[in-house]
Amino acid sequence: MNLADWARAQGVSPHTAYRWFREGTLPVPATRVGPRTILVNVEANAGPGPVAGVGLYARVSSRDQKADLDRQVARLSRWAAQAGHAVVRIESEVASGMNGSRTRARRLLADPKVITVVVEHRDRLGMNTELVEAALSACGRRLVVLDDGGVDDDLVRDMVEVLTSFCARLYGRRSANNRARRALEAAAHG
């Protein structure tokens, strides 16, 4: 079966399936038979599938928190080992939680071998983790949060997210103003 046809049958974009093929993460065997043709061996998929397991994700917001990033990865790895889970992917990055431009998180979420995504705190995935959790659940996958932070009230959680968003915008604006001021000062002196 052609890779594009297989992707559409699986509900995956052909571009995503091609990327999986290039990265070697396509869940079925496939072979390039021409310059533009990739054939998927559908019968091979009837046997045992790829090894599935947990994916660990750690994130911090700034480079000065790099030590905490290493500690998060160590704690997540220790938890997986103690629980007896097979870890198939570990992703960690320094990125803001306010937007979706986190390439390593996207890579982890797109990996078909990762059936359980594990984070230390709910906010490591950023805002609206409930949406991520619902999307994972729809694909037969799940999200595990090791330390949920103890906030049970939805209103309190929403208020914390709104305040976090406002603070990020304020500090982001302040940071941009400081960078602009330093650039003007450098131009005036240079």
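Here goes a summary of the coordinates provided.

Each value, and the rule that gives it
Residues numbered from 1 in each chain as written. Predicted model: local features only at pLDDT ≥ 70, side-chain atom pairs only at ≥ 80, totals over all residues. Heavy atoms only, no water. Helix = DSSP H or I, 4+ residues; strand = E, 2+ residues; numbered from the N terminus. Buried < 20%, exposed > 50% of the residue type's maximum accessible area, 1.4 Å probe, protein only. Contact = heavy atoms within 4.5 Å. Areas by Shrake-Rupley, 256 points an atom, 1.4 Å probe, with all protein chains shown as cover. 1 Å grid on protein atoms, 1.4 Å probe; cavity = no way out; pocket = protein on both sides within 12 Å on 5 of 7 lines; lining within 4 Å. Points joined across faces, edges and corners; volume = space filled by probe spheres on them. Nonpolar A, V, L, I, M, F, W, Y, C, P; charged D, E, K, R; others polar. Axes fitted to C-alpha atoms, helices over the stretch in contact; angles between N-to-C directions. Left-handed = near helix turned anticlockwise from the far one by under 90°. Salt bridge = Lys/Arg side-chain N within 4 Å of Asp/Glu carboxyl O. Arc of directions from axis to C-beta. Polar contact = N/O pair within 3.5 Å; in protein donor to acceptor, adjacent residues only side chain to side chain. Patch = residues over 30% accessible without salt bridge, like charges linked within 9 Å, V, L, I, M, F, W, Y side chains within 5 Å. Lys, Arg positive; Asp, Glu negative; His and termini not counted.

1. Digging into the overall build of the protein
- Of regular secondary structure, the protein possesses 6 helices and 6 strands.
- Along the protein, helices (α) and strands (β) appear in the sequence α-α-β-β-β-α-β-α-β-α-β-α when read from the amino end.
- Here the protein holds 190 residues, and the buried ones make up 28% of them.
- In the protein, 59% of the contacts between residues at least 6 apart in sequence involve partners at least 24 apart.
- As displayed, the protein has an accessible area near 11,900 Å², and 54% of this comes from carbon and sulfur atoms.

2. Here's the deal with empty space enclosed by the protein
- Inspection of the entire model under this criterion finds 1 cavity of 30 Å³ or more.
- Considering only enclosed or pocket space, the largest cavity measures out at about 30 Å³ in volume.
- Considering the residues around the largest cavity, the lining is formed by R19, W20, E23, T25, R89, R107, A110 and D111.
- Counting residues per element, the ones that place at least two in the lining of the largest cavity are helix 2 (14–23) and helix 4 (103–110).
- The element contributing the most residues to the lining of the largest cavity is helix 2, with 3 residues.
- Looking at the lining of the largest cavity residue by residue, the classes come out as 2 nonpolar, 1 polar and 5 charged.

3. A word on the environment of L125
- Relative to the helices and strands, L125 is located in the loop between strand 5 (114–121) and helix 5 (129–138).
- In this structure, the C-alpha to C-alpha distance between L125 and G100, residues 25 residues apart in sequence, is 9.3 Å.
- Apart from residues lying up to four places away in sequence, L125 is in contact with Y57, R102, V119, V132 and L143.

4. A word on the packing of helix 1 (residues 3–10) against helix 2
- Look at helix 1 against helix 2: their axes get within 8 Å of each other, and the N-to-C directions meet at 115°. In this structure, the crossing between helix 1 and helix 2 has a hand that is right-handed. Taking contact as the criterion, the partners of L3, A4, W6, A7 and R8 in helix 1 are, on helix 2, P14, A17, Y18 and F21.

5. A word on the pattern of salt bridges
- What the rule picks out here adds up to 11 salt bridges.
- A salt bridge links D111 to R89; its shortest N-O distance comes to 2.8 Å. Pair noted here: D111 is in the loop between helix 4 and strand 5 and R89 is in strand 4 (residues 87–94), with a separation of 22 residues, a long-range link.
- One connected set of salt bridges, linked through shared partners, spans R89, E91, R104, R107 and D111.

6. A closer look at helix 2
- Among all positions in helix 2, only T16, A17 and W20 are buried. For helix 2, the arc enclosing every buried residue in end-on projection is 100°, short of the 170-degree limit, so these residues lie on one face. In helix 2, the exposed positions angled more than 90 degrees off the buried face are occupied by H15 and R22.
- The backbone nitrogen of H15 lies 3.2 Å from a side-chain oxygen of the residue at the head of helix 2, namely S13.
- At the exit of helix 2 stands G24, carrying a positive phi of roughly 80°.

7. Examining a nonpolar patch on the surface
- Together, V162, L163 and F166 line one region of the surface with nonpolar side chains, adding up to about 290 Å² of accessible area.
- Within the secondary structure, L163 sits in helix 6 (residues 154–189).
- Note on L163: relative accessible area 49%, which makes it partly exposed.

8. Quick notes on the side chain of Q72
- Considering the arrangement of structural elements, one finds Q72 in helix 3 (residues 66–83).
- Those residues in contact with Q72, other than ones at most four positions away along the chain, are A58, R59, V60, E120 and R124.

9. Considerations on the side chain of R141
- Mapping R141 onto the fold places it in the loop between helix 5 and strand 6 (142–147).
- Although R141 is buried, it makes no salt bridge; D111 carries the closest opposite charge, 6.6 Å away.
- A distance of 2.7 Å separates the side chain of R141 from the backbone oxygen of V114, its partner in a polar contact.
- Beyond its immediate chain neighbours, meaning those up to four positions away, R141 contacts L108, L109, D111, V114, I115 and L136.

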